[in-house]
Amino acid sequence: MKILITGVAGFIGFSFAKYLLKNSKYQIIGIDNLNDYYSVKIKKERLKNLSNFKKFKFFKVDLNNKNQINKIFLKKIDIVYHFAAQAGVRYSLENPRAYIDSNIVGFFNIIENVKNHKIKKFFYASSSSVYGDSKKFPLKETDKINPRNIYGLTKKNNEETVEIFFKDLKTDCVGLRFFTVFGEWGRPDMLIFQYLSSIFNSKKIFYLNNYGNHTRDFTYIKDVCDVLYKLLNKRLIKRHEIFNICSNKPIKITSVLKYIDGNFSKKPKIKKRKFQLADVKKTHGENKKINNYINKNKFIDVIRAIDNTCDWYKANWKIYN
Ligand SMILES: NC(=O)c1ccc[n+]([C@@H]2O[C@H](COP(=O)([O-])OP(=O)(O)OC[C@H]3O[C@@H](n4cnc5c(N)ncnc54)[C@H](O)[C@@H]3O)[C@@H](O)[C@H]2O)c1
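Residues numbered from 1 in each chain as written. Predicted model: local features only at pLDDT ≥ 70, side-chain atom pairs only at ≥ 80, totals over all residues.

(A) Broad picture of the site of the ligand. Close contacts around the ligand come from 27 residues, with Gly7, Gly10, Asn33, Ala85 and Ala125 the closest. For the shell around the ligand, the secondary-structure elements that each account for two or more residues are helix H1 (11-23), helix H5 (96-116) and strand E5 (121-127). The element best represented in the shell around the ligand is H1, accounting for three residues. (Near = placed C-beta within 6 Å. Helix = DSSP H or I, 4+ residues; strand = E, 2+ residues; numbered from the N terminus.)

(B) Here's a closer look at the nonpolar core. Counting residues in each nonpolar core, the largest one holds 71 residues, and the members touching the most others are Ile5, Ala17 and Ile245. By residue number, the principal contributor to this core is H1, which donates seven residues. Each residue touching Ile5, except ones within four places of it in the same chain, is listed here: Gly13, Phe16, Ala17, Ile28, Gly30, Tyr81 and Phe83. Counting five residues, the second-largest nonpolar core is a separate cluster that includes Val89, Tyr99, Ile150 and Leu153. (Core = buried A, V, L, I, M, F, W, Y, C linked by C-beta atoms within 7 Å. Buried ≥ 20, exposed ≤ 12 C-beta atoms within 10 Å, placed from the backbone. Contact = placed C-beta atoms within 7 Å.)

(C) Highlighting unusual backbone geometry. In this structure, Pro138 follows Phe137 across a cis peptide bond, with omega equal to -5°. Note that Pro138 resides in the loop between E5 and helix H6 (150-165). Positive phi outside glycine occurs at Trp185, with the angle close to 65°. The residue Trp185 is located in the loop between strand E7 (181-182) and helix H7 (191-200) in this model.

(D) Quick look at H6. Look at H6: 22 Å from first C-alpha to last across 16 residues, which is about the 22 Å you get at 1.5 Å a residue. All of the buried residues along H6 are Ile150, Tyr151, Gly152, Leu153, Thr154, Lys155, Asn158 and Val162. Buried residues along H6 sit in contact with helix H4 (91-94), H5, E5, strand E6 (172-178) and strand E11 (240-245). (Expected span 1.5 Å × (residues − 1).)

(E) Structural view of the sheet that holds E5. One open sheet accounts for seven strands, arranged E3-E2-E1-E4-E5-E6-E11; its pairing is parallel. Here the strands that pair on one side only, and so sit at the sheet edges, are strand E3 (56-60) and E11. Across this sheet, the average inter-strand angle for adjacent strands is 20°, counted without regard to direction. Judged from the four bridges that link them, strand E1 (residues 2-6) and strand E4 (residues 79-82) form a sheet pairing that is parallel. Bridge assignment links Ile5 to a residue of E4, and that residue is Tyr81. (Pairing = 2+ DSSP bridges. Axes fitted to C-alpha atoms, helices over the stretch in contact; angles between N-to-C directions.)

Structure follows, in C-alpha cells:
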C-alpha cells in the first residue's frame, strides 16, 4: 500500500509520516514545495529525519504545478493525506493570494487527481478557523460555520468542494478540523514556539496578543497522529465525514505561558498587545464524534504535553534559532 502525504516537510505532515514509517508497513511518498513562510531550515531538518526510513520517498513539488502533481499520481497511490496548504491566520491579512493559490487552486489539483485515479481514501486538513467567532461552546461539527478570515474561508471552501465534487464517487473523504496543534517539531509561527524562541533568544520580543486573554483548545501532536492512524482503516458511515480534531480542553493563553515558564529559569521579553484583527477570542471543540468513531477517550494531559515539548525544544533549539 502506498500513501501520499502532501505538506510532508510541514509540522503535521512530517509528524504523521514519521508515525506511519515507525508503526506501519506503508510506503510513504511525500511532497512539499519547501516554501519560506517560515524557516526552510526546520523543513529540511524534518526531511532529513524522514530520509532515514527506506520506505520514504520525497519529491519537491508545488501544488500549483499541475503537471508535476499529475505525475506524482502515476505512482499508484492508494490513500492520500493532503496537509499542504498556506497555513496561519494572521498572514492571510498580509498575503491573501497565497491562500487562494495553494488552498483553492492547489487543493483542486489534488482532488482532481484523487478523482481521476479512483483513490480509495482521501483525508484533507480543514481547520477550527471555519467556525469563526462563535459564542456557543463546545463547537460541534454540525454547527453553522462562519469564518472570519481568508484562511478559514479557503478551508470552508475545501469542505464544500469535496462534498459536491465527490458526491457520486466511491472515494471516502475525511475533513479534519484541526484545533491549535502543538508539540515536538512544532510550527515556529505559532504561540508556543514563538514563546520558546523568545526564551532562548533575548533579542526576540514575544508579542502577547489580546493581553493573553485568548483561549485555545490546544491539541497535542501525538494525539493527532494516534487519531489519524486509527481513522485510516475505519469504515465511514457517510462518504464524506468531517471531524473536529481537538482535545476538548480549552486553556487560557496566560496559563499556557505559566506552564512553559515552569520549565525554564529564564523569562522572555514580553510586549502586550490589544486584540488583533482576524483573531478569534476562543476555540473549544467537541470531540465526541471522533472519539465515538475510533473508541479513543483519553487525550494526553496538556501539562505533560507542554513539558514534553519544552524538553524537546531544549535539545533542539538550534534548529529554530
Ligand atoms: N497546526 C495547526 O494547529 C493547524 C490548525 C488547523 C489547520 N491546520 C492545517 O493543517 C495542515 C498542516 O498544517 P501544519 O501546521 O503542518 O502547517 P505547515 O505550514 O507546517 O505545513 C504545511 C506544509 O505545506 C507546504 N506547502 C504550502 N503550500 C504549498 C504548495 N503550494 N505546494 C506544496 N507544498 C506547499 C509548506 O511548505 C509546509 O511544509 C494545513 O493544511 C493547515 O492549514 C493546522
